[in-house]
Amino acid sequence: MKGSLKQLLRLMEYLRGHLLQFSAGIAMVILMSYTNGVIPVLIREAVDRGITTGDYGLAIRYGLFVLLAAVLNGAFSFTGRYLLVKSAQHAVYNLRMDVFRAIGRHNMEFFDRTFSGQLISRITNDTERITRFLSFRLRMFVYSIFLILVSLYYMVRMNVFLALVALVTIAVVVSINTTYAMKIRPIYDRIRHQTGVIASLATGTIAGVKTIKSLSVEENVQEKFSRENEGLYSMNVEATKITALYGNASFLILGLAMSAMLYYGGKGIIGGTLTVGELVAFLTYMLTMMWPLRALGFTIGDIQRSLAAASRLFEVIDSAPEAVDAPDAVEIEDPRGEVEFKDVHLTYHTGRTVLKGVNLKISPGEKVLVTGPPGSGKSTLVKLIARFYEPDRGKVLIDGVDVRKIKTKSLRRIVAYVPQEPFIFNRSLKENIALAKPDATMDEITKAARMARIHDFISSLPSGYDTVVGEKGITLSGGQRQRVALARALLLNPKVILLDDPFSNLDAETEKEILNDLETILQDKTAIIVSQRLSPVKIADRVIVMENGSIVEEGKPEELVRKGGAFAKMLESAGDVHDE
Ligand SMILES: Nc1ncnc2c1ncn2[C@@H]1O[C@H](COP(=O)(O)OP(=O)(O)OP(=O)(O)O)[C@@H](O)[C@H]1O
């Protein structure tokens, strides 16, 4: 409870700047409850003072009052809704920005541990729930509570007994609807989840259609889809049953209460303790309150859920580091491109120790091939240079400065990392290349593309650099993707370039072409090339062989061949494969 209050207050803080608007919205909603709650009293006056006495002038006057109340009610409802939705949208805009910024500050380990679907759902579903809470649920809550209070006030003044009947009805209907909300919610959650399962199954099938067709497994896929689809169908049927049952139960209770009122009210009128107008007012109150009472049941359960959504968002914000850079972080103005590992150890969050005391010094301009069996820690090694992960023990230094002490902006200018499967965004080629420097001039972009030898291909396209890649745009081959990624990295003119298994998805011909170009591209740069294939050895000054998280061999390629150790064996078996 204390926690919920804290979340609510923190959520309210997001309204800062719009607090006045929000409060005015709430005030409008209270006025709306009042105008609605007073209508039955006006009807009573019209009946008792006008209709039953035959004073039509008075009846018409009260009729006009009812009209006025209805018009005011509409005006309050419109303004209240507008003000609350506007301030809620403003609050959620700020909250969403905070979450998105926090996601940007999180380190790689956070993304390893968190499902991306979960994060997407937080930014979309959770924020949507909070918008609904601040603009709709809260409005319904305030409106219902005040309407009930105003109605009970006038009812008690008219007839205490009938007011008690109304009170009991309110309590029963609210509890029926709260129970209904409690029962239906888990089903709705399952329906939402199942809809997600079906959506991802459909997306997966469409994305993997080539594989599915080539393996002729359409039937299996359809069977799976049909099973999931049936699941969704039965959940919806279950939900409908519950809705039909509870929905009607509320109407039944209300019907019972109105019959009781008619019975006792009728007796009261005959006995002279109640007027016809009062009975009409009571019946009108019951009808007016019906919808807010049902909404109240939902709102009560929803407050907790919305606050839980808020706390999930706050968790993403709070668990992110305040700033990516250490307070004493420095910029390296004129980098030389020296890289050094000093007794580096790393254990991933899964508990797997991947680097076990790596010591390595790479001179400026040196080209190093890092090779070794799968899972030996090659990629991890280069990722530490780009500070995607930080060592548990030891240090990674660039030009003698610990990478943790280099400002991220500076580090990104010195070190470029080209991943094994570069991500090409669904944007123009120009934007894809200039990703890290959106204000790059066309000259800079074409220069980088020329170096990566992709300029001619891009120029041959009808829309050139404005060609959109990806969905509904052109599709790039593996080699072209690697070249776009290379151009992207080269645009910043980095001193150190990390190529993480750049050839694994390429055919031998493309690999050869890129390798030839790399020799020129990497001329004045320090380069670390991770590769299980040994072809890059021809541009390497030094080879590092890793096994099980340690460097087991290192030296000039020809020295290692002479030595006849691990590298020589790898070369030999690679040669065997080629000879076959
Ligand atoms: N982000 C991560 N979280 C947890 N474990 C990881 C992560 N990245 C890699 N690993 C594990 O660490 C080990 C070393 O991985 P790494 O990618 O560094 O090896 P590699 O030598 O480059 O392998 P490959 O040649 O197959 O790419 C593997 O067992 C891998 O499963």
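Definitions and cut-offs
- Residues numbered from 1 in each chain as written.
- Predicted model: local features only at pLDDT ≥ 70, side-chain atom pairs only at ≥ 80, totals over all residues.
- Core = buried A, V, L, I, M, F, W, Y, C linked by C-beta atoms within 7 Å.
- Buried ≥ 20, exposed ≤ 12 C-beta atoms within 10 Å, placed from the backbone.
- Helix = DSSP H or I, 4+ residues; strand = E, 2+ residues; numbered from the N terminus.
- Contact = placed C-beta atoms within 7 Å.
- Domains from an automatic or database assignment.
- pLDDT = per-residue confidence, 0-100.
- Near = placed C-beta within 6 Å.
- Nonpolar A, V, L, I, M, F, W, Y, C, P; charged D, E, K, R; others polar.
- Pairing = 2+ DSSP bridges.
- Axes fitted to C-alpha atoms, helices over the stretch in contact; angles between N-to-C directions.

**Student:** How should the nonpolar core be read in this particular structure?
**Tutor:** Where a protein is soluble and globular, its nonpolar side chains tend to be buried together. In terms of nonpolar packing, the biggest core is built from 63 residues, with Val 370, Ile 385, Ile 433, Ala 487, Leu 498 and Ile 528 touching the most fellow members. A total of 6 residues in this core trace back to one element, the largest contributor, which is helix α15 (residues 478-490). Sequence-distant contacts of Ile 385, defined by excluding residues within four places in its chain, comprise Val 339, Val 396, Val 403, Val 415, Val 496 and Leu 498. In terms of nonpolar packing, the next biggest core, distinct from the first, is built from 56 residues, Phe 22, Ala 46, Ala 88 and Val 173 among them.

**Student:** Would you explain the domain arrangement of the protein in this entry?
**Tutor:** Reports often express the size of an interface as the amount of accessible area lost when the parts come together. Looking at the protein, the domain boundaries give domain 1 (1-157 + 312-321), domain 2 (160-273) and domain 3 (339-579). Its C-alpha centre places domain 2 at a distance of 55 Å from the equivalent point of domain 3.

**Student:** What's the story with the confidence of the model for the protein in this structure? I'm lost.
**Tutor:** Reading predicted coordinates in detail is not appropriate for stretches of low pLDDT. Averaged over the protein, the pLDDT score is 88; the fraction of residues at 70 or greater is 98%. Mean pLDDT in the protein bottoms out at helix α18 (residues 566-579), which sits at 68, and peaks at strand β1 (residues 339-347), which reaches 95. Below a pLDDT of 50 lies the segment residues 576-580, which in the model reaches 0 contacts outside its immediate sequence neighbourhood of four places, other chains included. Across the predicted assembly, pTM comes out at 0.73 and ipTM at 0.93.

**Student:** I would appreciate a short explanation of the site of the ligand in the present structure.
**Tutor:** Taken together, 15 residues form the shell around the ligand, and within it Tyr 348, Pro 374, Lys 378, Ser 379 and Thr 380 come nearest. The residue inventory of the shell around the ligand, partitioned by class, reads 3 nonpolar, 8 polar and 4 charged.

**Student:** I keep staring at the sheet that holds strand β6 (residues 415-418) and nothing clicks. Help me out?
**Tutor:** The strands making up a sheet associate through hydrogen bonds between their backbones, and the pairing can be parallel or antiparallel. The mixed open sheet is built from 6 strands, whose spatial order is β6-β7-β8-β3-β9-β10. Taken across any chain shown, the strands that pair with only one partner, and hence form the sheet edges, are β6 and β10 (550-555). With direction set aside, neighbouring strand axes in the sheet form an average angle of 15 degrees. As defined by bridge partners, strand β9 (residues 542-547) adjoins β10 across 5 bridges and the pair is classed as antiparallel. Considered in β10, the bridge of Glu 547 is made with Ser 550. Where helix α10 (residues 378-385) meets the sheet, its contacts fall on β3 (367-371), β6, β7 (496-500), β8 (526-530) and β9, and the angle it forms with β7 comes to roughly 150 degrees.

**Student:** Would you take a moment to explain the environment of Asn 426 for this structure?
**Tutor:** You can see Asn 426 is positioned in the loop between β6 and α12 (429-433). Judged by the 12 C-beta atoms lying within 10 Å of it, Asn 426 is exposed. A sequence separation of 43 residues divides Asn 426 from Val 469, and the C-alpha atoms of the two residues are 5.3 Å apart.

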